[in-house]
Structures are given as structure tokens and as C-alpha cells.
Amino acid sequence: MRFLPIGPRTLLAELDDLDQTLALFDALLADPVPGVAEIVPAARTLMIRTAPGVAADGRLAGAVLARQPAPGTPPNARASETVELPVTYDGEDLADVAVHMGLTEAEVIAAHQETTWQVAFCGFAPGFAYMTCDDPRFELPRRPAPRTRIPAGSVALAGRFCGVYPQETPGGWQLIGRTEVPMWDLSRDPPALLRPGVRCRFVARRAEVRPSAIIPQPQPRQGLRVLSTAFPIVFQDEGRPGQGGQGVSASGALDMGAARRANRAVGNPSDAPVLEITLGPVRLRADQPMTLALTGASPASVAGHAVPRGAAFAVDAGDEIAIDPPQAGMRSYLALRGGFRVAPVLGSAATDTLAHVGPEQVAAGAVLAPANRPATAAAAAEPEPALPKPGDLVELPVTLGPRADWFTPQMVQHFLTQEWLVTPQSSRVGIRLQGEPVTREDATELPSEGTETGAIQIPHSGQPVLFLADHPLTGGYPVIATLRPEALDLAGQIPPGARIRFTASADFAPITPERPA
């Protein structure tokens, strides 16, 4: 077993195969390591995240190693349910898969249907199950470059795994077909159709699908009215951590410090939902008296009078609030004293834009109702940090790893010394960077493994992607470095046109386990 660094509170335990990985995962569930907050299993790794104040160091690695089962220990028996999934075999990559397997397309389809696939683990996105099989012919590479858009229901193959994309997302697997059966449905209990241990058989026919139950949400008549917005606005809070093993991202505010400052300014708890506003302009109207606070990138005014940045301000019924595009930074956070009335999803009001979990995005015409929860005395305005502008150079500290050793030392230095341009193709999912490519000497495939917020993934194109709050929970491209947690707020504010240089305080090295005391 190897232990690879991800950050001060996260490490990666790497094993030889899937059976060893799942056996260790079961052992850690049966005999938990104190201080471990979450474990994300994958094909050959466990991503282990600790609680605040607990270091992901040699002592943690030693405690995990001490729980490793004896060689040959099988994973615990899991669910025995079998799901039959109807598929239309018309995927864009079916012909390429046939060439890789040395079969005709008809033979690929027959082999796919004859195989019983079993869910080993979940990740990437809610409802995405990594299903494995015993047929070695399905050991297939990913595409050379991921697609930016894969339709929901696409059935795909990569690395002897089969998966069904639950939502429209980017992805790099080989597409062979599609199904109409929803993989993730919040009106179903549990929401995921395919869960660890479930077996799946694929059949070539159309599915009979009933519509999901829709719980109507009452539309408020009064509140804070969105008159116009250049970009969709999203609700955010501190997120829904602890559910990564089921493919559910923590999500949450990209600039958590700014969101918390806005809540403190109006006397709310730090985890109260706020509005995350990207760029601008935005125009709002209050239908009733209320107290608000705006932090982050943009300036605001009421009836043409500037509002002090970060301070609570009162508005009367009929007042209009104008939030202008920022001169620096990307995102602003609007808090309402007493909070917004918004229904939580899986315990949080955060909107995950990749997984489509959480409240709907807010557009022009929406009316946002106050929750009128108890609030404390408003805090004084706190200083707003300086934010980067287009053209600025931003230095971000990283921990090298967990896969820095997949690159030559010269290429790691190339990654660290280059100034990377932030492209407009960036979002809450991640920042796409442009520069001289980071290349590898071979095209070896990485089995899918957990990815931390702040992971810097290098796809075959060699152009890095810096994962932000709504990133996929697992990925199959090597992560050369991971942003330090204290730099995540700043990363969420870097606009297109700015440049990034990554800095590392130490060279890459695996973590040496220490014997438990």
C-alpha cells in the first residue's frame, strides 16, 4: 500500500486491485480511524479526508495500514439486487469500441448484454455507478480528450468499467448506447438506482419510464424580486460535505469567506443560504422592508446611492438595488437578515451546477421570500480582500500530488514555473487553463479515483483543469497537484484573462506510515 499526499487533511491510499481496495474500505467502516471524516472508494484507491484539526500525515497512514485485512480477504457481501436496464445501442464510440475489442459491433452488443455488471463504487456525479465485470475484453481506454457534453442516460465504457451518465456532463468514456431510465431521482428512496453491490444486466429494448414525482414549491408573492441578471444566480451555503462516496459533491460557496462575512453582517448564522452572484449587472427590488449585505467582487447602490461594501444596509418596500459588474474578482454574495426561504436538498441549500442537486438557479422574474428566522446583532463590516483583475498574475500554493510522479521532474517544474492563462471556459465546476502543455512520456490510463476540491487534473491535451466546488467526485486523469485549502476562496474569484502561477513548498514524496502509539 502507498499513501500519496493530496493536502493537509486528505491523502490517497493506493492498493493493488479493486478487491483489496473494497476489503480495506469495509475494514475501515467496521473499525473507524479516529478523526476520519469521509472515505471515497474507487478502483484501486481510497481517498481519506479528516475532520478539521486532524492532519493527513504519517500517523493517519499508520492507523489505516494497521487495519489492512490479510491478503486474499474478500470484500464483505453486499446487496444482491439485480436491475435490468434497457439500452438503445447507438453510441458515437460503438465502432471504435469494436475495433479496440477486435469484435464486430453486433458482437460488442452481445458481449455487453451477456455480462453481469456489478456496482463496485459510486462517484463522479450523483447516481453514477462504476460497474465492473469479469470479461477482460472490456479493458478499454478513455477517449484521448474528454467531451464537454455527454447527454444524460449515455451508457459508456472505460477501464473494464461500465457507467451510465445520470446528467448531462463532460466526460471521457467511450459511448456505446443510451437508456431512458433515470439513474438519480430525488423522489425515489434511495435516489440512486445503482448502488454498491447491485448487479445490472443490459437488454436491447426501449424503457417504459414513469415521470418522477414532483413536489410543488409554493411561489411567494412578496420578497426580493429579481428584475434582471446577466448570469444565473445560485443559492449557496456551506455545502453538503460527507456524501462524496455516493457521488454527491459538497458544493457550497466558491468564496466561503465572503459568504460568511455577508451572513455575519446581517446577524445570520454562518451557514445560512446566500445568493452567489457571478459578475453582473443585477437589478433587484424589495417588496417589503428588509436588511441586506453584499460582500465579494461587486459594488451595489440603492436608489443611486452607493452601499458601503460588506456592511448591512436597509431597504424599504419599492427600493431597487443595483449590483454592478466588478472591476476585480468574479463573485459577490448577498445575505438577507433572517435568511432566504429555500428548501434544502440532502441537508443543504447549495446549488450543485454539475450534478443538478439543490435549488433551481435564480433567473429574472423570480421572487425570493424571506425566511424570517431569528437573527443576532449585525456585525460591523469587515475588510474586503483585494481581488484579481484580468491580466493580473495570481500565485496559488499547492501540494504536489497525488500523481505528480506520473510526470517527469522536468515537467513538474514546467507546470510550476509557467504562467497559466484563465480561459472563459471556466465555471463553478473548474477553471480551464491554457499554456504550454504538460505532457507525459506514455499514455497509461489511470483507474478512476477520488478527486479533492482544488485538484489540478491533466487530461491528454496537457491543458490543466483546476477543480472548484462543483467538480466531479472521481476522475481518471492524473492530478499533478492540489490547491491548498486556504487558497480556494481566492481561486473562486479569479476572472478570465488573469494568469496563475502555482507554488509548492516541498517536492513530491509519498507519505511514510508511522506505527500507531
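Residues numbered from 1 in each chain as written. Predicted model: local features only at pLDDT ≥ 70, side-chain atom pairs only at ≥ 80, totals over all residues. Heavy atoms only, no water.

Novice: Teacher, can you tell me more about the nonpolar core here?
Specialist: Proteins that are soluble and globular tend to have nonpolar side chains buried together. Judged by nonpolar contacts, the single largest core of 41 residues is most densely connected at Leu396, Phe415, Ile480 and Phe502. The biggest single contributor to this core is helix H5 (residues 256-266), with six residues. Not counting residues up to four positions away in its chain, the partners in contact with Phe502 are Leu396, Val398, Phe415, Leu416, Trp420, Leu433, Ile456 and Leu483. (Core = buried A, V, L, I, M, F, W, Y, C linked by side-chain atoms within 4.5 Å. Buried < 20%, exposed > 50% of the residue type's maximum accessible area, 1.4 Å probe, protein only. Helix = DSSP H or I, 4+ residues; strand = E, 2+ residues; numbered from the N terminus. Contact = heavy atoms within 4.5 Å.)

Novice: Explain the sheet that holds strand S14 (residues 224-229) to me, please; I cannot follow it from the model alone.
Specialist: The pairing of strands in a sheet comes from backbone hydrogen bonds and takes either a parallel or an antiparallel form. Strand order in this open sheet of six strands is S20-S19-S22-S17-S14-S24, and the pairing throughout is antiparallel. For this open sheet the edge positions go to strand S20 (305-306) and strand S24 (367-368), each flanked by a neighbour on one side alone. The pairing of strand S19 (residues 300-302) with S20 spans two bridges and is antiparallel. Each residue of the ladder has a partner; that of Ser301, found in S20, is Ala306. (Pairing = 2+ DSSP bridges.)

Novice: Where do I start with the side chain of Thr423 in this structure?
Specialist: Its location among the elements puts Thr423 in the loop between strand S26 (420-422) and strand S27 (430-434). Within the local environment of Thr423, its side chain forms a polar contact with the backbone oxygen of Arg432, the two atoms lying 2.9 Å apart. Leave out the neighbours within four places in its chain, and Thr423 touches Arg432, Leu433, Gln434 and Pro496. (Polar contact = N/O pair within 3.5 Å; in protein donor to acceptor, adjacent residues only side chain to side chain.)

Novice: Is there a simple way to think about the environment of Leu334 in this case?
Specialist: Structurally, the position occupied by Leu334 is in strand S23 (residues 331-336). Taking relative accessible area as the criterion, Leu334 reaches 1% and is therefore assigned buried. A sequence separation of 184 residues divides Leu334 from Ile150, and the C-alpha atoms of the two residues are 33 Å apart. If near-sequence neighbours (up to four positions away) are discounted, Leu334 is found in contact with Leu224, Val274, Leu275, Ile277, Leu284, Leu292, Ala293, Leu294 and Phe340.

Novice: Please clarify how the pairing of strand S1 (residues 2-7) should be interpreted in this entry.
Specialist: Looking along a regular strand, one sees side chains alternate from face to face of the sheet. With respect to burial, S1 is a largely interior element, five of its six residues being buried. Here S1 runs beside strand S2 (residues 10-14); their pairing, made up of five bridges, is antiparallel. Looking across to S2, one finds that Phe3 is bridged to Ala13. Adjacent in sequence and paired antiparallel, S1 and S2 are bridged by two residues.

Novice: When you look at helix H6 (residues 409-417) in this model, what are you seeing that I'm missing?
Specialist: A turn of α-helix holds 3.6 residues, and therefore any two residues three or four places apart point the same way. All of the buried residues along H6 are Met411, Val412, Phe415 and Leu416. The buried residues of H6 occupy one face: seen down the axis, they fall within an arc of 140°. Across from the buried face of H6, at angles greater than 90 degrees, the exposed residues are Gln410 and Thr417. (Arc of directions from axis to C-beta.)

Novice: Please explain the pattern of salt bridges as it appears in this structure.
Specialist: Side chains carrying opposite charge are able to pair once their charged atoms draw close together. Applying the stated criterion to the full structure yields 29 salt bridges. With a closest N to O distance of 3.1 Å, Glu238 and Arg260 form a salt bridge. A residue pair is termed long-range when its members are at least 10 positions apart, and Glu238 in the loop between strand S15 (234-236) and H5 and Arg260 in helix H5 qualify at 22 residues. Residue class for Glu238 comes out partly exposed when judged on its relative accessible area of 28%. Residue classification places Arg260 among the partly exposed residues on the basis of a relative accessible area of 33%. Where salt bridges share partners, they join Arg2, Glu14, Arg403, Asp405 and Glu449 into one cluster. (Salt bridge = Lys/Arg side-chain N within 4 Å of Asp/Glu carboxyl O.)

Novice: So what exactly am I meant to see when it comes to the sheet that holds S26 here?
Specialist: Here we have seven strands rolled up into a closed barrel, ordered S25-S32-S29-S30-S27-S26-S33, and mixed in their pairing. On average, each strand axis in the sheet is inclined to that of its neighbour by 40°, with strand direction left out of account. In terms of strand pairing, strand S25 (residues 393-400) meets strand S33 (residues 499-504) through six bridges, oriented parallel. Residue Val398 lies in a different strand from S33, and its bridge partner there is Ala504. Against the sheet, H6 engages S25, S26, strand S29 (455-457), strand S32 (479-483) and S33, with an angle of about 130° to S33. (Axes fitted to C-alpha atoms, helices over the stretch in contact; angles between N-to-C directions.)

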